[in-house]
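Residues per chain, in single letters:
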Amino acid sequence: MKDQLLQDGKAVGDRMSRVDGRLKVTGGAKYSAEYELPGLVHGALVGSTVAKGRITSIDTKAAERAPGVLAVITHLNSPKVPGFAAKSNPDEPPAIGQPLRVFYDERIYFNDQPIAIVVADTLERARHAAGLVKAQYAAEAHQTNFEANKSKGFLPTQARRNPKSAQNDYTRGQADGYQSAPVKLEAEYWHESEMHHPMELQSIIAHWEAADRLTVYDKVQAVKGTQRAFAKDWGLPEQNVKVIATFVGGAFGNGLHNWPHETAAIIAAKVTGKPVKLMLTREQMFTMVGYRPKTWQRIAMGATKDGKLVGISHDSVGQTSTYEEFTESTVQQTRMMYAAPNVTTRYRILGLDVSTPIWMRGPGEATGAFALESAIDEMAHLIGMDPLEFRLRNHTDTDPEKNRPWSTKYLKECFQAGAERIGWNKRQMKPGSLREGDWLIGYGMGVGTFGANRGAAKARAALLADGTVLLQSATTDIGPGTGTAMVQIASDALGLPTDKIRFELGNSLFPQAPSQGGSSTVNTVGSAVNDACLALKKKLQELGGASFANVQPEQLTLADGQLGLKANGGPRLSFADLRKANNGQDVEVTVESKPSGDARQNYSMYSFSVHFAEVRVHTMTGEVRVTKMVSCADAGTIVNQKTAGSQMSGGAIGGIGMALTEGAVIDDRYGRYVTRDLASYHVPVHADAPPVEVFFVNKPDLLVDPLGTKGIGEIAIIGVAPAITNAIFNATGKRLRELPVTPDKVLLA
Amino acid sequence: MENEKPQPAPDCPGHNEARRTFLKQSSLLTALALAPGAVVRAAAAELDEKVAAAFEQVPLKLDVNGVKHKLSVEPRTTLLDLLREQLHLTGTKKGCDYGQCGACTVHVDGKRVNSCLTLAVMQDGRKITTIEGLANGDKLHPMQEAFIKHDGFQCGYCTPGQIMSAVACIREGHANSEGEIKEYMSGNICRCGAYPNIVAAIQEVRSGGQKV
Ligand code: FES
Ligand code: FES
């Protein structure tokens with residue numbers, strides 16, 4: 001039978017529906033807490049109630065007596081985790097810190113730190129017994145107040161040790177050269193800590209299949225990284241640790257680190273000899289799995305009256321914990337986004353008695369873009385220029401930081417497409433000019449950028465007996481549609497219809513792939529899949545013998561159940577015959593793929609985005625409604641317009657939360673979050689989400705990878721928050737420099 | 001500053017204790033009425049937790065996706081945990097456990113309910129439909145088809161709840177405009193932000209006029 005799909009051209013670029021869509025709409029997709037294992041029992045964590053100090057006693061008797069309880073584990077009776085061995089010199093903190101060692105000793109580093117895990121035969125019994133554990137503490141004075149401690153921010157150790165680290169201070173031209181400009185502004189920007197809050201609560205099932213063999217079903221973004229981390233912790237060979245993350249119910253970065261609850265479950269499984277399931281509560285998602293850190297920023301900017309930037313200085317202090325130095329690229333884009341001759345950046349971190357942050361979608365850059373893109377808008381207003389025009393005047397066609405060309409940059413195309421779609425011509429230069437009844441209307445924009453990264457990955461491709469191709473790589477899919485994109489890439493590489501290709505991920509048994517993070521999965525794993533498919537074709541060609549000897553692999557296709565030429569005529573060989581030539585075995589290859597050549601030394605590689613927002617601000621209540629968003633991206637080749645569009649608009653909606661509603665607030669008297677559920681910490685809901693129009697330039701960047709992709713996940717949110725706050729300014733004349741912009745702030749501004 | 005005085009927990013779980021005491025007392029009363037003296041003596045002694053546990057099973061009849069179940073559950077078990085942990089119907093998701101996210105939405109006698117907010121024992125004799133029971137065999141429900149077509153999800157974790165809620169939203173007559181859909185779907189959070197696509201899917205099913 002003739003294969004249909006190929007007649008229509010390429011699979012890449014098609015609006016193909018997700019390969020796992022059916023599983024997701026029927027409840028068939030299994031997330032980490034949803035595996036049935038014989039003898040499975042349940043864990044529940046107990047958290048500390050002080051933010052700093054020591055546990056002086058812990059009473060577990062009542063919990064142990066409670067029905068169904070199998071074990072109550074604390075630092076007093078926990079088996080020692082070999083990798084937790086004490087530091088050689090306890091007085092000197094290690095360079096970048098050490099992840100919290102759960103149940104290691106009596107020290108408390110943050111409020112709600114796990115101090116015990118209760119294991120019982122049912123979830124209800126585990127949870128009830130966890131409430132019976134009573135601890136007493138020698139509390140010490142804690143510091144969770146960012147504002148009060150801001151001056152204690154310090155240069156990250158990695159920067160102090162390595163002069164080449166990007167976290168070091170940076171100057172081009174004159175230090176603080178903005179000061180010489182005729183028009184100057186200085187402004188401070190704040191945002192509260194923001195929580196990832198994926199809908200799936202962080203969950204793990206830990207199972208010791210033998211004394212030296214561990215399997216975890218875990219909500220992570222890196223199965224191989226997790227495998228290595230737990231192998232090291234437990235002194236096991238890597239292959240003795242298996243990590244499964246077939247479906248991940250969102251993560252946005254909080255699956256990029258291994259957290260105390262994971263090891264708590266592994267310890268509990270060791271003690272009880274049974275598989276232990278542990279699902280965090282929504283409160284625990286505030287304290288145990290990272291967040292976008294609260295950050296202070298200051299931008300000082302100088303420009304000429306005709307709109308040329310003279311200089312930008314960008315200072316930032318970001319929150320971290322006392323036991324790990326978390327850093328992110330908050331100030332980096334200020335160095336490369338605009339053609340300013342004088343740029344200075346200084347990045348500091350501040351250790352407080354809180355849990356460690358972790359990268360959250362558009363890490364650092366989303367924070368930095370809020371300050372930079374707000375300040376650009378403020379400067380445009382000061383000199384009386386349209387902020388789009390101001391950006392164009394300071395546009396740069398080479399990277400001013402590294403002094404080299406961009407691999408590709410189509411930001412101007414994004415500006416134009418976005419301005420048309422939002423109706424930028426409706427925007428009035430004078431704030432507060434557009435009004436409908438009690439609503440003021442405004443328009444704003446914000447630019448985003450993120451490195452177009454590509455790493456090394458392996459993929460396996462196998463032609464199976466049923467004529468389908470199976471691909472495997474140990475990447476994960478937290479939602480973008482990785483499997484779908486990989487099938488499309490493979491379809492083009494093989495000349496095989498997409499319904500004859502399967503891509504498997506989320507299993508540490510598969511060939512090495514990095515974490516799903518930093519917008520790099522398609523660049524990295526997609527390239528490996530592409531290479532594996534080409535290698536498979538080459539192997540089939542060899543098996544095909546003499547008749548295929550003089551054919552280029554690119555001319556070959558696997559359509560219609562046979563190896564043949566794309567052009568009509570020529571040799572053909574059925575899959576069955578090829579298998580026969582392979583001694584009846586599956587024909588398979590595993591290849592590693594990584595960036596080659598010196599393109600990465602000679603070019604600067606970035607994705608770019610611009611977001612436009614239309615807002616309405618209520619004059620009496622201060623309520624802000626985002627009524628329309630347009631998000632435009634220069635992200636290289638778009639593999640799937642449908643899923644990429646979803647990723648883009650999903651990022652814009654996440655950005656609405658960042659701008660208007662999301663802020664995790666600590667009561668500094670106790671060092672404990674007062675926002676502790678989804679009723680006190682507000683993520684956007686249906687009613688908050690406007691239509692989001694998405695535009696992709698869709699031009700390949702073949703210097704980044706052979707597919708021409710650059711990455712979407714981060715730029716989808718970077719620049720959204722300032723687009724909204726700039727629109728609020730345009731609507732009201734009020735400049736809001738503290739996120740989230742809740743109605744009270746609008747009214748009081 | 002070192003403070004050696006033990007600190008009381010600011011959020012000490014007092015309500016749990018009150019509940020336990022109540023259960024113990026009530027099971028003790030039942031025990032006095034029904035049980036032999038040994039049990040009563042055991043209950044009076046420190047073994048009361050275990051005894052209370054023995055009395056904490058309540059019979060329950062449920063029809064779940066057309067399958068009749070005769071169960072015995074603890075009164076504190078939520079419908080959500082019963083479905084996920086005991087019946088292994090994990091299509092219904094837990095996103096908060098507090099009625100704040102909608103991931104756990106199921107139909108009880110055809111109406112949408114947050115299954116984390118209702119105790120299983122309160123549903124005795126009722127008909128429960130979960131995401132696993134929505135399709136007709138291999139043939140997907142029109143809402144499931146529309147979610148696939150419009151890409152009404154990314155990670156897929158909120159999806160079962162969104163779909164169950166979307167079907168109910170149309171049945172209730174609350175899907176007459178984009179604005180109305182958004183209002184009546186706002187109990188279902190999607191952190192991936194698939195909202196516009198979800199609304200498009202609902203609008204298509206609504207205007208398609210198929211029976212939902
Ligand atoms: S789990 Fe029931 S509403 Fe969130
Ligand atoms: S699809 Fe991920 S939360 Fe909705």
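Only a predicted model underlies this, so the values are computations on that prediction, with no experimental measurement involved. (Residues numbered from 1 in each chain as written. Chains lettered and ligands numbered in written order. Predicted model: local features only at pLDDT ≥ 70, side-chain atom pairs only at ≥ 80, totals over all residues. Heavy atoms only, no water.)

**Observations concerning the overall build of chain B**
1) Next: From N to C terminus, chain B includes eight helices and six strands.
2) Next: When the helices and strands of chain B are placed in sequence order, the string is β-α-α-α-β-β-α-β-β-β-α-α-α-α.
3) Next: Among the 212 residues that make up chain B, the fraction classed as buried is 50%.
4) Next: Across chain B, the fraction of contacts at a sequence separation of at least 24, relative to all contacts at a separation of at least 6, is 54%. (Helix = DSSP H or I, 4+ residues; strand = E, 2+ residues; numbered from the N terminus. Buried < 20%, exposed > 50% of the residue type's maximum accessible area, 1.4 Å probe, protein only. Contact = heavy atoms within 4.5 Å.)

**What about the overall build of chain A?**
1) Next: When you go through chain A residue by residue, the secondary structure sums to 19 helices and 32 strands.
2) Next: At 27 Å, chain A has a C-alpha radius of gyration in line with the 27 Å of a compact globule built from 749 residues.
3) Next: If you line up chain A on its principal axes, its C-alpha atoms span 75 × 70 × 55 Å.
4) Next: A total of 749 residues make up chain A; the buried ones form 65% of that total.
5) Next: Sequence separation of 24 or more characterises 80% of the internal contacts of chain A that already satisfy a separation of 6 or more.
6) Next: Taken as a whole, chain A presents about 25,700 Å² of accessible surface, with 50% of it coming from carbon and sulfur.
7) Next: Within chain A, one finds 82 positive and 78 negative side-chain charges whose respective centroids are separated by 1 Å. (Rg over C-alpha atoms; globule rule 2.2 N^0.38 Å. Areas by Shrake-Rupley, 256 points an atom, 1.4 Å probe, with all protein chains shown as cover. Lys, Arg positive; Asp, Glu negative; His and termini not counted. Charge placed at Lys NZ, Arg CZ, Asp CG, Glu CD.)

**Considerations on the sheet that holds strand β3 (residues 69–74) of chain A**
Residue and element names in this part refer to chain A.
1) Next: Spatially, the seven strands line up as an open sheet ordered β3-β5-β1-β12-β9-β10-β11, and their pairing is mixed. With one partner strand each, in any of the chains shown, β3 and β11 (241–244) form the two edges of the open sheet. Direction aside, the axes of adjacent strands within the sheet are offset by 20° on average.
2) Next: Here six bridges tie strand β1 (residues 41–47) to strand β5 (residues 114–120), and the two strands are oriented antiparallel to one another. Counterpart to V46 in the pairing with β5 is A116.
3) Next: Here helix α3 (residues 123–130) sits on the sheet and contacts β1, β3 and β5; the angle it forms with β1, its principal contact strand, is near 20°.
4) Next: With respect to the sheet, helix α6 (residues 223–234) is in contact with β9 (203–210), β10 (213–218) and β11, its orientation differing from that of β11 by roughly 145°. (Pairing = 2+ DSSP bridges. Axes fitted to C-alpha atoms, helices over the stretch in contact; angles between N-to-C directions.)

**A short note on the packing of aromatic side chains**
1) Next: Here the structure, examined in full by the defined rule, presents 16 aromatic pairs over all chains.
2) Next: When the centroid spacing of 5.4 Å and the interplanar angle of 75° are considered together, the rings of A:W424 and A:F612 count as edge-to-face. Of this pair, A:W424 sits in the loop between α12 (411–422) and β18 (434–436) while A:F612 sits in strand β27 (residues 606–618), and the two are 188 residues apart along the sequence.
3) Next: Judged by its relative accessible area of 7%, A:W424 falls in the buried class.
4) Next: You can call A:F612 buried: its relative accessible area is 0%.
5) Next: Here a set of aromatic residues connected by ring pairs shows up, and it is made of A:Y31, A:F247 and B:Y157.
6) Next: When the ring centre of A:W296 is taken as reference, the NZ or CZ atom of A:K150 above it lies at 4.1 Å.
7) Next: Over the aromatic face of A:W208 sits the side chain of A:K270, whose NZ or CZ is 3.7 Å from the ring centroid. (Phe/Tyr/Trp six-rings, centres within 6.5 Å; stacked < 30°, edge-to-face > 60°. Lys NZ or Arg CZ within 6 Å of the ring centre and 35° of its normal.)

**A few points about the packing of helix α13 (residues 482–494) of chain A against helix α14 (residues 521–544) of chain A**
Residues and elements named next belong to chain A.
1) Next: Contact pair α13 / α14: the axes reach a minimum separation of 9 Å and the direction vectors enclose 35°. In this structure, α13 crosses over α14, and the sense of that crossing is right-handed. For the pair formed by α13 and α14, the contact residues are T482, A485, M486, I489, A490, A493 and L494 on the first element and T521, V522, V525, G526, V529, N530, C533, L534, L536 and K537 on the second. (Left-handed = near helix turned anticlockwise from the far one by under 90°.)

**Considerations on the domain arrangement of chain B**
All names here are of chain B.
1) Next: According to the domain assignment, chain B contains domain 1 (56–133) and domain 2 (134–212).
2) Next: Its C-alpha centre places domain 1 at a distance of 21 Å from the equivalent point of domain 2.
3) Next: Counting residues at the interface gives 17 residues for domain 1 and 19 residues for domain 2.
4) Next: It is H107, R112 and I131 in domain 1 that bury the most area against domain 2; as a group they hold 46% of the surface buried on that side.
5) Next: Salt-bridge contacts for E172 lead to R112; the nearest nitrogen and oxygen are separated by 2.8 Å.
6) Next: The tally of links from domain 1 across to domain 2 stands at 12 residue pairs in polar contact (both at pLDDT 80 or more).
7) Next: Looking at the side of domain 1 that touches domain 2 residue by residue, the classes come out as three nonpolar, nine polar and five charged. (Domains from an automatic or database assignment. Buried area = accessible area lost by both parts, 1.4 Å probe. Salt bridge = Lys/Arg side-chain N within 4 Å of Asp/Glu carboxyl O. Polar contact = N/O pair within 3.5 Å; in protein donor to acceptor, adjacent residues only side chain to side chain. Nonpolar A, V, L, I, M, F, W, Y, C, P; charged D, E, K, R; others polar.)

**Considering the environment of A:Q488**
1) Next: Its place among the elements puts A:Q488 in helix α13.
2) Next: We classify A:Q488 as buried; its relative accessible area is 0%.

**Concerning the confidence of the model for chain B**
All names here are of chain B.
1) Next: Counting all residues, the mean pLDDT for chain B is 84, and 74% of those residues have values of 70 or more.
2) Next: Taken together, the stretch residues 1–24 has pLDDT below 50 and engages in 38 contacts with residues farther than four places along the chain or on a different chain.
3) Next: Under a pLDDT of 50 for its full length, residues 27–32 has, in the predicted model, seven contacts with residues more than four places off or in other chains.
4) Next: We note a pTM of 0.93 for the whole complex and an ipTM of 0.96 for its interfaces. (pLDDT = per-residue confidence, 0-100.)

**Comments concerning the pairing of strand β28 (residues 624–634) of chain A**
All names here are of chain A.
1) Next: Burial within β28 is extensive, with eight of its 11 residues counted as buried.
2) Next: Here 10 bridges tie β27 to β28, and the two strands are oriented antiparallel to one another. Bridge pairing links A613 to M629 in β28.
3) Next: Following β27, the chain reverses through five residues before pairing antiparallel with β28; G622 in that reversal takes a positive phi of roughly 75°.

**Some thoughts on the sheet that holds strand β22 (residues 501–504) of chain A**
Residue and element names in this part refer to chain A.
1) Next: With mixed pairing, the four strands of this open sheet are ordered in space as β22-β21-β20-β26. Single-partner strands in this sheet number two, and they are β22 and β26 (587–593). When the angles between neighbouring strand axes are averaged without regard to direction, this sheet yields 15°.
2) Next: Pairing between strand β21 (residues 469–472) and β22: four bridges, direction parallel. For L470, the partnering residue across the bridge sits in β22 and is R502.
3) Next: Contacting β21 and β22, α13 crosses the sheet at an angle of about 135° to β22.
4) Next: Helix-sheet contacts for α14 involve β20 (457–463), β21, β22 and β26, and the interaxial angle to β26 is about 140°.

**Overview of helix α8 (residues 195–208) of chain B**
1) Next: The end-to-end C-alpha distance of α8(B), which contains 14 residues, comes to 20 Å, matching closely the 20 Å that a straight helix rising 1.5 Å per residue would cover.
2) Next: Looking at α8(B), one finds that the buried residues are B:Y195, B:N197, B:I198, B:V199, B:A201, B:I202 and B:V205.
3) Next: If you follow the buried residues of α8(B), they end up packed against α17 (641–660) of chain A together with α5 (142–150), α6 (159–171) and α7 (178–184) of chain B.
4) Next: Following α8(B) by one or two positions, B:G209 has its phi on the positive side, about 75°. (Expected span 1.5 Å × (residues − 1).)

**A look at helix α7 (residues 260–272) of chain A**
Residue and element names in this part refer to chain A.
1) Next: The end-to-end C-alpha distance of α7 is 18 Å, a good match for the 18 Å that 13 residues give at a rise of 1.5 Å each.
2) Next: Among the 13 residues in α7, 11 count as buried, and that is most of the element.
3) Next: Those residues of α7 that fall on the buried side of the exposure criterion are P260, H261, E262, T263, A264, A265, I266, I267, A268, A269 and T272.
4) Next: Positive phi shows up at G273, right after α7, with a value of about 70°.

**Topic: the pattern of salt bridges**
Residue and element names in this part refer to chain A.
1) Next: In total, this model carries 48 salt bridges over all chains according to the counting rule given.
2) Next: Taking the shortest distance from any N to any O, the salt bridge between D377 and R735 comes out at 3.1 Å. With a gap of 358 residues between them, D377 in helix α10 (residues 365–382) and R735 in the loop between α18 (720–732) and β32 (738–739) connect regions that are remote in the sequence.
3) Next: Salt bridges here are not isolated pairs; linked through shared partners, they connect D176, E186, R298, D315 and R346.

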